[in-house]
Amino acid sequence: MNRLVLLPVLFAALPLLACASAPTRGALDLQPARAAVAAARAAGAAEWVPDCMKRAEDYLGEAEAAAGKGDDARWLSRLAIAEAQCAARLSASAEAVQRLPEVEKATSAADKLQARLKKADGEQRRLEDEIALLNRDLELTESEIIRLKAKLRGLDSKAEASSAVAEARILMKRYQEQRGRTASLARSQGLVERAEQQIVEENYGAASFFAQKAQELLQDRRRAAPIESAGREAPKKSYTVLATSLNIRSDPSPNARVVGKARKGDSFEALAILGDWLRVKIEGGAGWVYRPLLE
């Protein structure tokens, strides 16, 4: 064939050859997220911080379900890693705090030898340094969660975040009336302030995260009584929403799944009451609402 005839054919084929040789984007590797969740579980996170552990597992499940369907799977995977690391560090911090009273008891005993006293003092300082390091790691993890949640702003609304902050503030007030100022209350106050700042910056996912953390700090999960689904009869048959926005949850817990929303002025038929939670009738069944936000 004539060379002049072959040249246009070769030039026309070059783009096709380039496309065929172009590298394709690799499949999302979820193994780091799975490993982080497994490490948190091994550290006892399911016992010490069950809600944080559950969020890590939920994010991992969502990432696995969304794999191959877009960039959401990649950010959900990173959220799972951040939550799992946070759960592992919180568990380690809780264990270290639990050991402090034992050290204090050893140092305060008058009949202990000086050598053991010095050893106990050194152990206490080591534990305090360890807690300080863990708290710094926790702050870094929280900062990473803020950044990641900013990529997925659509998962949480302003109303949900505002409701979570309102619930946290009511819980803080009740806690202070019962126990006074404590380290947990001071930490919760700081978390709520960070949540409010995130609302101002329109990062509602991070705002909900910090508000829920504040609520978790004020709840004694180890001494909590088992949740009863029925409760007792409510003192009134009807209640009206006072808050601008109100979450309706699947169980009587601030960390339970949100199954519905209500606005100021909406009314509910009361079915039962359990502590600060009211079981109300909603379309398609029943849900739980925080009673201090009703009248």
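Residues numbered from 1 in each chain as written. Predicted model: local features only at pLDDT ≥ 70, side-chain atom pairs only at ≥ 80, totals over all residues. Heavy atoms only, no water.

Caption draft 1: Spotlight on the overall build of the chain. Counting its regular elements, the chain contains 9 helices and 6 strands. Relative to its 295 residues, the chain shows a buried fraction of 36%. For the chain, restricting intrachain contacts to residue pairs at least 6 apart in sequence, the fraction spanning at least 24 positions comes to 67%. Accessible surface, the chain: about 17,300 Å² in total, of which carbon and sulfur atoms supply 53%. (Helix = DSSP H or I, 4+ residues; strand = E, 2+ residues; numbered from the N terminus. Buried < 20%, exposed > 50% of the residue type's maximum accessible area, 1.4 Å probe, protein only. Contact = heavy atoms within 4.5 Å. Areas by Shrake-Rupley, 256 points an atom, 1.4 Å probe, with all protein chains shown as cover.)

Caption draft 2: Examining unusual backbone geometry more closely. With phi around 65 degrees, Glu202 is a residue other than glycine that occupies positive phi space. Residue position: Glu202 is located in the loop between helix H8 (183-200) and helix H9 (204-217).

Caption draft 3: Representation of the packing of aromatic side chains within the structure. Per the counting criterion, the structure on display carries 2 aromatic pairs. Note on Phe209 and Phe210: the rings are 5.3 Å apart at their centroids and 65 degrees apart in plane angle, and the pair reads as edge-to-face. Accessibility classification places Phe209 together with Phe210 in one group, the buried group. Each ring, one from Trp277 and one from Tyr290, has its centre 5.2 Å from the other, and the planes form 55 degrees; the classification is tilted. Here Tyr290 lies in strand S6 (residues 285-290) and Trp277 lies in strand S5 (residues 277-282), a separation of 13 residues in the sequence. Classification of Trp277 by relative accessible area gives buried; the value is 8%. With relative accessibility at 4%, the residue Tyr290 sits in the buried group. Over the ring of Tyr239 we find Lys236, and its NZ or CZ is 4.7 Å from the ring centre. (Phe/Tyr/Trp six-rings, centres within 6.5 Å; stacked < 30°, edge-to-face > 60°. Lys NZ or Arg CZ within 6 Å of the ring centre and 35° of its normal.)

Caption draft 4: Representation of the confidence of the model for the chain within the structure. Predicted confidence across the chain gives a mean pLDDT of 75, with 73% of residues reaching 70 or more. Residue range residues 1-24 is modelled with pLDDT below 50. Its contacts to residues more than four positions away, or to other chains, number 1 contact. Confidence over residues 221-229 falls short of pLDDT 50; this stretch has 12 contacts with residues more than four positions distant or in other chains. (pLDDT = per-residue confidence, 0-100.)

Caption draft 5: Representation of the side chain of Ser91 within the structure. Among the secondary structure elements, Ser91 is positioned in helix H5 (residues 72-108). The buried category is assigned to Ser91, whose relative accessible area is 0%. Here Ala87 takes part through its backbone oxygen, which lies 2.9 Å from a polar atom of the side chain of Ser91. Ser91 has contacts with Ala43, Gly44, Ala45, Trp48 and Val49, leaving out every residue within four places of it along the chain. (Polar contact = N/O pair within 3.5 Å; in protein donor to acceptor, adjacent residues only side chain to side chain.)

Caption draft 6: Local environment of the packing of H8 against H9. Relative to each other, H8 and H9 sit at 165 degrees, their axes nearing to 8 Å. Between H8 and H9, the angle is such that the two are roughly antiparallel. When the axes of H8 and H9 are compared, the crossing they make is left-handed. On H9, the residues that touch Ser184, Arg187, Ser188, Leu191, Val192, Arg194, Ala195, Gln198 and Ile199 of H8 are Tyr204, Ala206, Ala207, Phe210, Ala211, Lys213, Ala214 and Leu217. Looking at the contact of H8 with H9 residue by residue, the class counts come to 11 nonpolar, 3 polar and 3 charged. (Axes fitted to C-alpha atoms, helices over the stretch in contact; angles between N-to-C directions. Parallel < 35°, antiparallel > 145°, perpendicular 65-115°, else oblique. Left-handed = near helix turned anticlockwise from the far one by under 90°. Nonpolar A, V, L, I, M, F, W, Y, C, P; charged D, E, K, R; others polar.)

Caption draft 7: The arrangement of the pattern of salt bridges in detail. Taken as a whole and judged by the stated rule, the model has 9 salt bridges. When the shortest N-O distance is used, the salt bridge between Glu167 and Arg249 registers 3.4 Å. Placement of Glu167 in helix H7 (residues 158-179) and of Arg249 in strand S2 (residues 245-249) is noted, with a sequence separation of 82 residues between them. We note that Glu167, like Arg249, is buried. Among the charged side chains, a salt-bridge network with shared partners connects Arg55, Glu83, Lys213 and Glu216. (Salt bridge = Lys/Arg side-chain N within 4 Å of Asp/Glu carboxyl O.)

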